[in-house]
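# A look at the structure
Listed here are the chains, written in short residue letters.
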Amino acid sequence: MKQELKSAVSKKVHEEKVQNKLQNKSKNKIYIPAQKKAQIEITFHWIFVLIAGAAILIFFIVLTNNQKKDSVQELSTIIGGRMAALLATIQQNPDSFQTLEMLNAEMVFRCEQDGHTYSLKDGKSRIQLETEIIFTPQIVGGSKPIVWTKLYAAPYPVTQILYLSDEKTQYIFIDDPLTKPYYDMLPVNFERMLVVKDNIKNITDQGFRQYIIVAPSYKIGLNSLQNAVLRKSKIVDLSKTNTEKKVLFYDPNSDEINKYQNSSAWKPYVNDEVLLGAIISGDEKLYGCTMEKLMHTARIVGEINLNRTNQIANIEKTIPECNYFFGTGVLQDYINITITNSTYPTNNYNNLNSYIEAINTMNKDMAKPNCPTIY
Amino acid sequence: MVNIKNNKCNNNCKKGQLQSGETVVVIIIVIIMIIVGLVFFVNSKNGSIQTEKQNMNDINAMKIAVIASSLNELKCSDSNVMVKTCFDYYRLKAFKSTIDADKQEAKQYYYFVFKNSKITVRIMMFNSTVENVTLYDYNNSANKSSTPTFIPILINNPISNENYFSILEVKTYS
């Protein structure tokens, strides 16, 4: 009995020791009740979901942004390509006028170090206008574009000049003998207005993007125009058109007002077709870019005409009636001088114009004895 | 209840593991669907780009053909009146020799106009011979295939005052 009691006690002691051991073990470990474990698990579960969800959301936002940029780029390329083809085709119709379909996008024309270019307003890629003879204001679009072509001759046909504007650009002519002829030349579909000098102060902003004011002097525009119109204006001064055949592009919002006092601010033009281009663009840089290309084209076409004249001269100089024109070399000299004087920038085109007139006179004289004419 | 002695989980533990695994699998499936969608989108975009490129090539070919047939430096004229769809025979020769001699950087100028293309005038002379005048020929692209456009043109000889039928062939290399 004593032994049985002893073994029962030792068993109990052993069990207690085991239980104590268990309690000590559980004291050393972090003991979390089952309910709290589930709560933490759910919290981590939600944190994990939030992180994954945020990652997917950010991914889609980045994708959408990139897609938006790419679609603008794509639109810019497509419009640019279509516009280039359209303008090239329209340009082949001399002395024509067209109003095109509504152009929702705005195109910006620039003349900078990379040359004469245009692009969509929000687009990055720029399309080069390498050989296109096109006079435009700085921005065209957001309305119906207006296209007009006229032949530039020197005096043989050189190329079609393309004038591109739109319904959001208004041409305000200050009534004067210098400006009125050009107001009459401009097709009625252009947004144009003839204003008497005394009524300049009454010109109000009618929501056009730009106003190009054609004035007998830029000072007339400055003193009288309302600020709302002046802010969006550029002035084309025709005061020297009768004397020196030069035009001034005045920007009333420019920081360099003093530069307009220099004689170098006045830019020469060859004839009325080119002056119309100056009026349509209203911008000195864009005018300069187009003039350089026009003069280069004129030189190349001049070389072709000179070459043709030499070929014909070899055959026709033996004919007495045509000997004066082809045998003396006078015609070739005139064409050579015309080629040499077709440059931009230059001081003036007086020499060019006088030899253009000389070739024109000679061409008429050649037609009388039935000699092959230059053009 | 945890049986520490045997260190085994009972059903509750397995349920928790299954639930976490479920979330992970759902996210993996979503990512796979997104990837499949993106691949499909990129492929369709590629197709539309190829179509647009072909359209642009066709437009370009037509543009060059229209410009070539309308060049003022080739047109015949009578008393300062230009005649449409008529080229002057001596202007053709002069045009070719001006480009060949690269006068006034003519080669570069006409490259900007005609790009990679070949422009030929096939003149049917009266004695049944055909005179070919290649006005422009340049191709620096790897692609040698071309899209030809044919335009009938009249050729006038201003000295003999004879007219010849001819075909203006414009090949553009895309």
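As a convention, each chain's residues are numbered from 1 in the sequence order in which they are written. Note on labels: chains are lettered from A, ligands numbered from 1, in written order. Confidence filtering applies because this is a predicted model: local features only for residues at pLDDT of at least 70, side-chain atom pairs given and counted only at 80 or more, and all residues used for totals across whole chains, interfaces and linings.

### Brief notes about the overall build of chain A
To keep it simple, the criterion reads: Only DSSP runs of H or I with at least four residues qualify as helices, and only runs of E with at least two residues qualify as strands; both kinds are numbered from the N terminus onward. Just to be clear, the radius of gyration here is over C-alpha atoms, and the globule rule we use is 2.2 Å times residues to the power 0.38. Exposure classification rests on a simple neighbour count of other C-beta atoms within 10 Å of a residue's own: a residue reaching 20 or more is buried, one at 12 or fewer is exposed, and one in between is partly exposed. C-beta atoms are placed from the backbone. Contact between two residues is assigned when their C-beta atoms, built from the backbone, lie within 7 Å.
Assigned secondary structure in chain A consists of 10 helices and 14 strands. Whereas a compact globule of 375 residues would reach a radius of gyration of roughly 21 Å, chain A reaches 40 Å, over 25% beyond that. Oriented by its inertia axes, the alpha-carbon framework of chain A measures out at about 165 × 60 × 40 Å. Counting only residues that meet the buried cut, chain A has 35% of its 375 residues in that class. Partitioning the intrachain contacts of chain A with sequence separation of at least 6 by distance along the chain shows that 61% fall at a separation of at least 24.

### Considering the sheet that holds strand β11 (residues 210-215) of chain A
Residues and elements named next belong to chain A. Applied cut-off: Two strands make a pair as long as DSSP finds a minimum of two bridges between them. Interaxial angles span 0 to 180 degrees and are taken between N-to-C directions of axes, which are lines fitted to C-alpha atoms, for helices over the stretch in contact.
Taken together, the 6 strands give an open sheet; going across it, the order is β10-β9-β11-β12-β13-β14, and neighbouring strands pair in mixed fashion. Bordering the open sheet on either side are β10 (192-195) and β14 (266-268), each of which pairs with just one other strand. Looking at each pair of strands side by side, their axes are set apart by 25° on average, direction ignored. Here strand β9 (residues 169-174) pairs with β10 via 4 bridges, running parallel. Its bridge partner being in β10, Phe173 is matched across the sheet by Leu194.

### A word on the confidence of the model for chain B
Low-pLDDT portions of the prediction should not be read for the details of their coordinates. Residue and element names in this part refer to chain B. Worth spelling out the cut-off: The predictor reports its confidence for every residue as pLDDT, a score running from 0 up to 100.
Confidence along chain B averages 85 in pLDDT terms, with 90% of residues attaining 70 or more. Across residues 1-7, confidence stays below pLDDT 50; counting only partners more than four residues off in sequence or on other chains, it has 1 contact. In the predicted complex, the global pTM is 0.82; the interface-specific ipTM is 0.81.

### Points about the environment of Ile161(A)
Residue and element names in this part refer to chain A. Structurally, the position occupied by Ile161 is in strand β8 (residues 157-166). In this structure, the C-alpha to C-alpha distance between Ile161 and Leu275, residues 114 residues apart in sequence, is 11 Å. When residues no more than four places from it in sequence are discounted, the contact partners of Ile161 are Ile133, Phe135, Thr149, Lys150, Tyr152, Glu273 and Gly277.

### Here's the deal with the sheet that holds strand β5 (residues 146-157) of chain B
All names here are of chain B. What the 6 strands build is an open sheet, ordered β1-β2-β5-β6-β3-β4; its pairing is mixed. The sheet is open, and its two borders are formed by β1 (75-78) and β4 (130-138), each paired with just one other strand. Between one strand axis and the next, the sheet turns through 30° on average, direction left out of account. Sheet topology note: the strand β3 (residues 117-124)/β4 ladder contains 8 bridges and is antiparallel. Opposite Ile119, over in β4, you have Tyr136 as the bridge partner. Helix α2 (residues 89-100) rests against β2 (81-88), β3, β4 and β5 of the sheet, and its axis sits at about 35° to β4.

### Section: helix α6 (residues 272-281) of chain A
Residues and elements named next belong to chain A. Counting buried residues along α6, 7 of its 10 residues qualify, which places the element largely inside the surrounding structure. Inspection of α6 places Val274, Leu275, Gly277, Ala278, Ile279, Ile280 and Ser281 among the buried residues, and these make up the whole buried set. Positive backbone phi, approximately 65°, marks Gly282, located one or two places after α6.

### A closer look at the domain arrangement of chain A
Residue and element names in this part refer to chain A. The condition is simple: What counts as a domain boundary in this text is fixed by an automatic or database domain assignment. Under the convention adopted here, Pro, Cys and the residues Ala, Val, Leu, Ile, Met, Phe, Trp and Tyr are nonpolar, Asp, Glu, Lys and Arg are charged, and Gly plus all remaining residues are polar.
In terms of domains, chain A is made up of domain 1 (69-280) and domain 2 (290-367). The C-alpha centroid of domain 2 is placed 31 Å from the C-alpha centroid of domain 1. Taken together, the contact pairs 16 residues of domain 1 with 18 residues of domain 2. Counting only elements with at least two residues in the side of domain 1 that touches domain 2, the list comes to β5 (134-135) and β8. Among the residues forming the side of domain 1 that touches domain 2, the class breakdown is 10 nonpolar, 4 polar and 2 charged.

### Description of the interface of chain A and chain B
Contacts between the two partners involve 32 residues from chain A and, on the opposite side, 33 residues from chain B. Among the secondary structure elements, those contributing two or more residues to the side of chain A that touches chain B are α2 (34-91), β8 and α7 (284-316) of chain A. By residue number, the principal contributor to the side of chain A that touches chain B is α7(A), which donates 12 residues. Among the residues making up the side of chain A that touches chain B, the classes are represented as 16 nonpolar, 10 polar and 6 charged.

### Section: the nonpolar core
Counted only if it meets this: Note on terminology: a nonpolar core is any set of buried Ala, Val, Leu, Ile, Met, Phe, Trp, Tyr and Cys residues joined through C-beta atoms within 7 Å.
By size, the foremost hydrophobic cluster in this structure holds 109 residues, and its most contacted members are Leu162(A), Ile213(A), Val214(A), Val236(A), Ala278(A) and Ile279(A). Each of domain 1 (69-280) and domain 2 (290-367) of chain A accounts for three or more of the residues forming this core.

### A word on helix α10 (residues 350-367) of chain A
All names here are of chain A. Our working definition: Given a helix with a known number of residues, its expected span is that number minus one, times 1.5 Å. The arc refers to the directions leading from the helix axis to the C-beta atoms.
For α10, with 18 residues, the first-to-last C-alpha span of 26 Å sits near the 26 Å given by 1.5 Å per residue. Regarding α10, the residues found buried are Leu352, Tyr355, Ile356, Ile359, Asn363 and Met366. Looking down the long axis of α10, one finds its buried residues gathered within 110° of arc, a one-sided arrangement. Residues of α10 that are exposed and point more than 90 degrees away from the buried face comprise Asn350, Glu357, Thr361 and Lys364. On its buried face, α10 sits against α8 (320-326) and α9 (330-341).

### Quick notes on the packing of α7(A) against α9(A)
All names here are of chain A. Which entries qualify depends on this criterion: Working definition: roughly parallel below 35 degrees, roughly antiparallel above 145 degrees, roughly perpendicular at 65 to 115 degrees, and oblique for all remaining angles.
Their axes nearest at 9 Å, the elements α7 and α9 cross at an angle of 170°. Taken together, the axes of α7 and α9 are roughly antiparallel relative to one another. Where α7 approaches α9, its residues Arg299, Gly302, Glu303, Asn305, Leu306, Thr309 and Asn310 are matched on the opposing element by Leu331, Gln332, Ile335, Asn336, Thr338 and Ile339.

### Some points on unusual backbone geometry
Cis geometry marks the peptide bond from Ala154(A) to Pro155(A); its omega dihedral reads -20°. Cis geometry marks the peptide bond from Tyr344(A) to Pro345(A), where omega comes out at 5°. Backbone geometry places Asn161(B), a non-glycine residue, at a positive phi of 60°. Since 9 C-beta atoms lie within 10 Å of it, Asn161(B) is described here as exposed.

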